[in-house]
Amino acid sequence: MASRHWVVSLPVENSASSLWNRLQEQISKHSFDTPLYRFNTPNLRVGTLDSLLALSDDLVKSNNFIEGVSHKIRRQIEEFERVSGVESNALTVDGVPVDSYLTRFVWDEAKYPTMSPLKEIVDSIHSQVAKIEDDLKVRVAEYNNVRSQLNANNRKQSGSLAVRDLSDLVKAEDIIISEHLITLLAIVPKYSQNDWLANYETLTNYVVPRSSKKLHEDNEYALYKVTLFKRVADNFRTNAREKGFQIREFEYSPEAQENRKQELERLAQDQESLRSSLLQWCYTSYGENFSEEERKEVVEEEEEEEETRKNKRA
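Identification of the protein chain as V-type proton ATPase subunit C from Salix suchowensis is taken from an unreviewed UniProt entry. Check the Sequence similarities (unreviewed entry) section of the UniProt entry for the protein chain; it says "Belongs to the V-ATPase C subunit family."

Undergrad: Explain the packing of helix H4 (residues 118-158) against helix H7 (residues 254-286) here, please?
TA: When two helices pack together, their arrangement is given by the angle between the helix axes and the distance between those axes. At their nearest, the axes of H4 and H7 sit 9 Å apart, and the two run at 155° to each other. By the criterion of interaxial angle, the relationship of H4 to H7 is roughly antiparallel. In terms of crossing hand, the pair formed by H4 and H7 is left-handed. Looking at side-chain class alone, the contact of H4 with H7 contains 13 nonpolar, six polar and six charged residues.

Undergrad: I keep staring at the packing of aromatic side chains and nothing clicks. Help me out?
TA: Aromatic ring pairs: the centre-centre distance and the angle between the two ring planes describe each pair. A complete count under the given rule lists nine aromatic pairs for this structure. Judged by centre distance (6.3 Å) and plane angle (70°), the ring pair of Trp107 and Tyr112 falls under edge-to-face. Owing to a relative accessible area of 23%, Trp107 belongs among the partly exposed residues under this scheme. Here the aromatic rings of Trp196 and Phe245 are separated by 5.2 Å at their centres, their planes lie at 85°, and the arrangement is edge-to-face. Of this pair, Trp196 sits in helix H5 (residues 193-199) while Phe245 sits in the loop between helix H6 (233-242) and strand E6 (246-248), and the two are 49 residues apart along the sequence.

Undergrad: How should the pairing of strand E4 (residues 213-217) be read in this particular structure?
TA: Every other side chain in a regular strand lies on the same face of the sheet, so the side chains alternate between the two faces. In this sheet, strand E5 (residues 221-229) lies alongside E4 in antiparallel orientation, the contact comprising four bridges. Among the inter-strand pairings, His216 is bridged to a residue of E5, identified as Leu223. Connecting E4 to the next strand, E5, in antiparallel fashion are three residues.

Undergrad: Looking at this structure, I do not really get the pairing of strand E3 (residues 181-189). What am I missing?
TA: E3 sits mainly inside the fold: eight of its nine residues count as buried. Examined bridge by bridge, E3 and E5 share nine bridges and lie antiparallel to one another. Of the residues in E5, the one forming a bridge with Val188 is Ala222. Bridging between E3 and E6 involves three bridges; their strand directions are antiparallel. Residue pairing for E6: Ala186 is matched across the bridge by Ile247.

Undergrad: What is the right way to read the pattern of salt bridges from this model?
TA: Where charged atoms from two side chains of opposite charge come close, those side chains can pair. Counted under the stated rule, the structure contains 15 salt bridges. Notably, a salt bridge pairs Lys119 with Asp123, separated by 3.6 Å at the nearest N-O pair. In this pair, Lys119 and Asp123 both sit in helix H4, four residues apart, roughly one turn of the helix. Exposure remark for Lys119: the relative accessible area of 45% places this residue in the partly exposed category. Of the residues examined, Asp123 reaches a relative accessible area of 39% and is grouped as partly exposed. Salt bridges linked by common partners bring Asp58, Lys119 and Asp123 together as one network.

Rules behind the numbers
Numbers given to residues run from 1 along each chain, matching the order in which its sequence is written. Residue-level local features of this predicted model are given only where pLDDT is at least 70; pairs of side-chain atoms are given and counted only at 80 or more, and the full residue set underlies all totals for whole chains, interfaces and linings. To obtain the side-chain values, all non-hydrogen atoms of the structure were used and water was disregarded. UniProt positions are given in the numbering used here, feature names are shortened, and annotations may be inferred rather than shown by experiment. Helix axes use the C-alpha atoms of the stretch in contact, all axes being lines fitted to C-alpha atoms, and the angles between their N-to-C directions lie in the range 0 to 180 degrees. In this text, helices come from DSSP runs of H or I with a minimum length of four residues, and strands from runs of E with a minimum of two, each type numbered from the N-terminal end. When an angle is under 35 degrees it counts as roughly parallel; over 145 it counts as roughly antiparallel; between 65 and 115 it counts as roughly perpendicular; any other value is oblique. It is the rotation of the near helix from the far one that decides the hand of a crossing: anticlockwise by less than a right angle makes it left-handed, clockwise makes it right-handed. All amino acids are sorted into three groups, where Ala, Val, Leu, Ile, Met, Phe, Trp, Tyr, Cys and Pro are nonpolar, Asp, Glu, Lys and Arg are charged, and the leftover types, Gly among them, are polar. Only the six-membered ring of Trp is used, alongside the rings of Phe and Tyr, when aromatic pairs are assigned; centres must lie within 6.5 Å, and planes under 30 degrees apart are stacked while those over 60 apart are edge-to-face, with the rest tilted. Relative accessible area decides the class of each residue, using a 1.4 Å probe on protein chains only: under 20% of the type maximum gives buried, over 50% gives exposed, and in between gives partly exposed. Pairing between strands is defined by DSSP: at least two bridges between the two strands are required. The rule for a salt bridge is simple: a side-chain nitrogen of Lys or Arg has to be within 4 Å of a carboxyl oxygen of Asp or Glu.

If you want it as structure tokens, here you go:
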């Protein structure tokens, strides 16, 4: 369970140290087990009252924006961890747990010089988070594109016989293709199988007797083959459709079947690679205080992985 913190700002009358001591003393009287942490902030360039009032409005918008981006990244992490069935990792900022980062906060003078105007610091933080959001959109879109392709291919392999790919259900010996003969594949509703067997030979002339054979069956349909003369194939298709039988277009090709298998494996590998890369990026970007060098390392690792995927496709 996440800890809950109250951030309290108090006016300094004499000195910040004396105020801190009085606060500790008063809190300990009423709640001795409540830990207190001093949130150390440097002396910033305040500017004029008008500039502070204008900045106050900007801070509300920036705060909502940055909080929204943080939630997006956190939800993406939670989704990946849930789908993968992995134990949830504690999110960190600058490599330490969020609670520790908050209670031991230290201003990054190198990244946000205190001599810079407040508005400039706020704009800098806002622009950095905006870049993170843009990166997140691109990465999620790339991952979702590969996942959609993989899901579409899986549906072709696992849908009903009326729509699924038939290449893994039909063997070379099931198909007869010659100068005059052709083998067609019929999708027959399960409750109409007796009707098919009784009538397929009479749907048109020149159907090879007793050539129909059941190749596969699912919960809704049965897959039958039938051999006939090529010149009556169109007529057979029309008459079969009128009887409620679907003739699937199919061309047996071991090469195409192998290509589809390799494509499925490639998409599965790409999805896992992109998922792993995006998850690692989300872990890092959730606490966006990492340096530009660390960002470059993440990008370089992803470029190497992309190059590896391209080589595999080639």
